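Coordinate analysis (summary)
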Amino acid sequence: MEEIKKPKKPLIYYYCIVLVLLLLFNFIFIPYVVRKQIKQVDYGTFMSMIEEEKVGRVEIQNNQILFTDKDSSVIYKTGLVYDPTLTERLYHSGAVFSGEIIEETSPFLNILLYWILPIAIFVGVGQLMYKKLLQRASGGGDFMSFGMGKSNARVYVKSSDGIKFCDVAGEDEAKENLTEIVDYLHNPEKYREIGASMPKGILLVGPPGTGKTMLAKAVAGEANVPFFSMSGSEFVEMFVGMGASKVRDLFKQAKEKAPCIVFIDEIDAIGKKRDGQLGGNDEREQTLNQLLTEMDGFEENTGVIILAATNRPESLDPALTRPGRFDRRVPVELPDLKGREEILKVHARKIKVADNVDFSQTARMASGASGAELANIINEAALRAVRDGRNFATQADLEESIEVVIAGYQKKNAILTDTEKRIVAYHEIGHALVAAKQNNSAPVQKITIVPRTSGALGYTMQVEEGNHYLMSKEEIENKIATYTGGRAAEEIVFGSVTTGASNDIEQATKLARAMITRYGMSNDFDMVAMEVVNNQYLGGDTSLACSAKTQALVDEQVVALVKKQHEKATAILMENREKLDELSMFLYEKETITGEEFMDILDK
Ligand code: ADP
C-alpha cells in the first residue's frame with residue numbers, strides 16, 4: 001500500500017522567508033530603483049545647461065546639487081563647487097528652486113514603493129500563515145492549534161504490493177472472522193437481500209506485535225477499498241473540541257469514499273472509560289462522545305467498516321463495546337508453535353536462507369515470541385549473514401538471532417574472572433540439571449555462559465516440545481524448582497550465594513504467587529481469587545483483592561511454596577553431585593553447549 005502524505009514545513013520556515021523578503025526589499029530593491037532614476041553629470045555640463053536655459057527645477061543640498069531637465073523628467077546630480085554667482089545665474093535661466101526634488105519626481109512610484117507594496121506583502125504573508133495555522137490546527141496538535149479540526153487520516157491507496165491475508169501468517173481464527181467482512185465489501189447485495197447487516201465496528205485485541213495493524217491493512221487489501229488509518233492518540237488535542245471535530249471530519253471523508261475501511265489504532269487512547277474522576281480529561285471525553293455519536297449516526301450497510309486495535313480491552317468504555325458500535329471482538333493472540341513456524345516462513349521469503357534451515361526447530365526455540373519479534377529474528381539472521389560475508393542465512397544465524405532478541409548481543413569485551421565464570425557455569429548447570437531430572441520439565445536446548453548485553457551472564461534455553469495450553473500444578477512447581485536450581489548449585493558447591501539469581505527469584509515468586517492467588521492451587525483458599533489481572537496483554541500486572549490479613553497469609557504461603565521447591569532442587573543436585581561437577585566443568589571449558597551434549601554426559 002502506498003501512503004499519500006504531504007511533507008509539512010515548520011512555521012519558522014515561513015517567518016524566515018518573510019524576513020528575508022523584507023530585508024531584500026528595503027536594502028536592495030528600493031535603493032536600486034531610486035538610484036536608477038538619478039543621472040550623475042559633471043559640473044561643466046550643469047553650467048552649460050544653465051547657459052542653455054535647460055534646467056527645470058533645482059535643489060542645492062549640503063554636498064550635491066540635484067536638478068531636472070526642462071524637457072524630460074530626468075533627474076541629474078552633480079558635485080558642489082564654489083560658485084558664488086550660481087544662484088543668480090540659475091534665477092536668470094528660469095530655473096525653479098525646489099526643496100523636494102526626488103519625492104516630487106514620481107509620486108506614483110513613491111506611493112507604490114513605500115505604501116502599497118509593503119502592505120501587499122504583509123497581507124499576502126498573513127494569508128499564507130493563516131492557512132498554515134489552520135492546517136496545523138487540524139493536524140499537528142501544535143501549541144498554536146486553533147480553528148476547525150480536520151482529520152489527518154492517512155489514506156492508503158491500493159498498489160500492487162498491497163498486504164493480503166497470505167502475508168499474515170498464523171491467526172487463522174482472526175482471518176476467518178475478517179474474511180466475512182471482505183466478502184461483504186465485495187458483495188453487499190448478498191447480505192442486504194437476506195436482511196443481514198454487517199457489524200459497524202470490529203475490535204482487534206491482543207498483545208503488541210501480533211499483527212493487528214497488518215490484519216486491518218490486509219482486509220483493505222483483499223477488499224480493494226480505500227483504507228483510512230489513524231491512531232487514537234492523534235485525536236487527542238490540547239483544546240477541547242478539536243478531537244471531536246477530527247472525528248467528524250474522518251467520518252465525513254469515509255462516507256464520501258464508501259465502501260472503505262477506517263482503522264483506529266490504539267483506540268484506548270480515546271476510548272477509556274469515562275469514570276467521572278476529578279480533573280477528568282474533557283477533550284478525550286468529548287472525542288469519545290463524538291465517536292459514539294458518529295458510530296450511531298451512520299446507517300447500517302453504508303459500506304464503512306471501522307476496525308480498531310487495542311491491547312487494553314478492559315479499559316475501554318462499555319458504551320463503545322456495546323452491540324451497534326464495536327460489536328465484534330476478534331482476539332489476535334500470540335502465535336502458537338504452528339503459527340510461529342508459518343510467520344517465520346512468511347518473513348523468510350524476503351531473505352535468502354540455506355536449504356537446511358529448520359523452521360519448526362526455530363519456532364520451538366522462540367516460544368512466546370510475537371509476530372513482530374519473529375520478523376525481527378529473521379532480519380537479525382540476515383544481518384548476521386551479511387556480517388559474516390555470506391549471502392544466505394543459516395540455521396546457526398537463526399538460533400543466534402533468537403538469543404539476540406531474547407538476551408541481547410554477546411558482550412565481546414566482558415571479561416569474567418575465573419571464579420565468576422565457574423560460579424556462572426555451576427549456576428546454569430544447576431538450572432539445566434534440575435529441569436532435566438524432573439520429567440515434566442521441557443528438555444534443555446542450549447546452555448551458555450557468554451555474557452549478553454541484557455546483563456545476563458549466562459542462560460539455559462529450554463524448548464517446549466509442543467503447544468501447551470494448560471499447566472498442571474506439578475508442572476508449575478517443577479518450573480519453580482528449576483528457577484531455584486541455579487542458586488541451589490551455588491550453595492552446594494561454593495557455600496555462598498551471589499546476586500546472579502535476582503531474575504530467577506523474581507520469576508519464581510511470580511509463579512508461586514499466581515498459583516496461590518489466581519489459580520486456586522493452595523490448600524487454604526480454595527477457589528477464591530486474591531488478585532486480579534489488570535492488563536492481560538501488557539505485562540499482566542496484578543492488584544490485590546483481599547484483606548490485609550489474608551495478604552499476610554498469602555505471603556506466608558508463597559514463601560513456603562518457593563522454599564519447598566528450593567529444597568527439592570537442592571536435593572536433586574545433591575543426588576547428582578558428580579554429574580553437576582562434570583557438566584559444569586565441561587560448560588566452563590566450552591562456554592556454550594547444546595542440549596544433546598548435555599544429555600550425552602548426563603546419560604553416560
Ligand atoms: P500490532 O498492530 O499488533 O502491534 P503489527 O501489525 O504492527 O502489530 O505488526 C508489526 C510487525 O510484525 C508487522 O509489520 C509484521 O512484520 C510482523 N508481524 C506481526 N504479526 C505477524 C503475522 N501474524 N504474520 C506475519 N508478520 C507478522
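Coordinates for the structure precede this section.
Notes on the structure in this doc start here. (Residues numbered from 1 in each chain as written. Predicted model: local features only at pLDDT ≥ 70, side-chain atom pairs only at ≥ 80, totals over all residues. Heavy atoms only, no water.)

1. Looking at the overall build of the chain
When helices and strands are tallied, the chain shows 23 helices and 17 strands. Among the 604 residues that make up the chain, the fraction classed as buried is 44%. In the chain, 73% of the contacts between residues at least 6 apart in sequence involve partners at least 24 apart. Element-wise, carbon and sulfur atoms account for 55% of the exposed surface of the chain, whose accessible area totals about 31,700 Å². (Helix = DSSP H or I, 4+ residues; strand = E, 2+ residues; numbered from the N terminus. Buried < 20%, exposed > 50% of the residue type's maximum accessible area, 1.4 Å probe, protein only. Contact = heavy atoms within 4.5 Å. Areas by Shrake-Rupley, 256 points an atom, 1.4 Å probe, with all protein chains shown as cover.)

2. A short note on the sheet that holds strand 13 (residues 444-448)
Taken in spatial order, the three strands of this open sheet run 14-13-17, and their pairing is antiparallel. Taken across any chain shown, the strands that pair with only one partner, and hence form the sheet edges, are strand 14 (459-462) and strand 17 (592-594). Each strand of the sheet is rotated relative to its neighbour by a mean of 15°, with strand direction disregarded. The pairing of strand 13 with strand 17 spans three bridges and is classified as antiparallel. (Pairing = 2+ DSSP bridges. Axes fitted to C-alpha atoms, helices over the stretch in contact; angles between N-to-C directions.)

3. A short note on the site of the ligand
Taken together, 16 residues are adjacent to the ligand, and Ala169, Gly209, Lys212, Thr213 and His347 come closest. Within the backbone of Gly209, an N or O atom sits 2.8 Å from an oxygen atom of the ligand. Bound to the protein, the ligand loses 78% of the 560 Å² it would expose on its own. If you list the elements that add at least two residues to the shell around the ligand, you get helix 8 (212-223), helix 14 (337-348) and helix 16 (371-387). (Near = heavy atom within 4 Å. Polar contact = N/O pair within 3.5 Å; in protein donor to acceptor, adjacent residues only side chain to side chain.)

4. Thoughts on the pairing of strand 9 (residues 227-231)
Of all five residues making up strand 9, five are buried, and the element is well covered by its neighbours. Here strand 9 shows a buried face lined by Phe227, Ser229 and Ser231 and a second buried face lined by Phe228 and Met230. With five bridges connecting them, strand 9 and strand 10 (residues 260-265) associate as parallel partners. Within the sheet, the bridge partner assigned to Phe227 lies in strand 10 and is Ile261.

5. Examining the packing of helix 18 (residues 418-437) against helix 19 (residues 473-494)
Relative orientation of the contacting elements helix 18 and helix 19 amounts to 135°, with a least axis distance of 7 Å. As judged from the angle between their axes, helix 18 and helix 19 are oblique. The crossing of helix 18 and helix 19 is right-handed. Across the interface between the two elements, Arg422, Ile423, Tyr426, His427, Gly430, His431, Val434 and Ala435 of helix 18 pack against Ala481, Thr482, Tyr483, Gly485, Gly486, Arg487, Ala489, Glu490, Val493 and Phe494 of helix 19. The residue makeup of the contact of helix 18 with helix 19, split by class, is nine nonpolar, six polar and three charged. (Parallel < 35°, antiparallel > 145°, perpendicular 65-115°, else oblique. Left-handed = near helix turned anticlockwise from the far one by under 90°. Nonpolar A, V, L, I, M, F, W, Y, C, P; charged D, E, K, R; others polar.)

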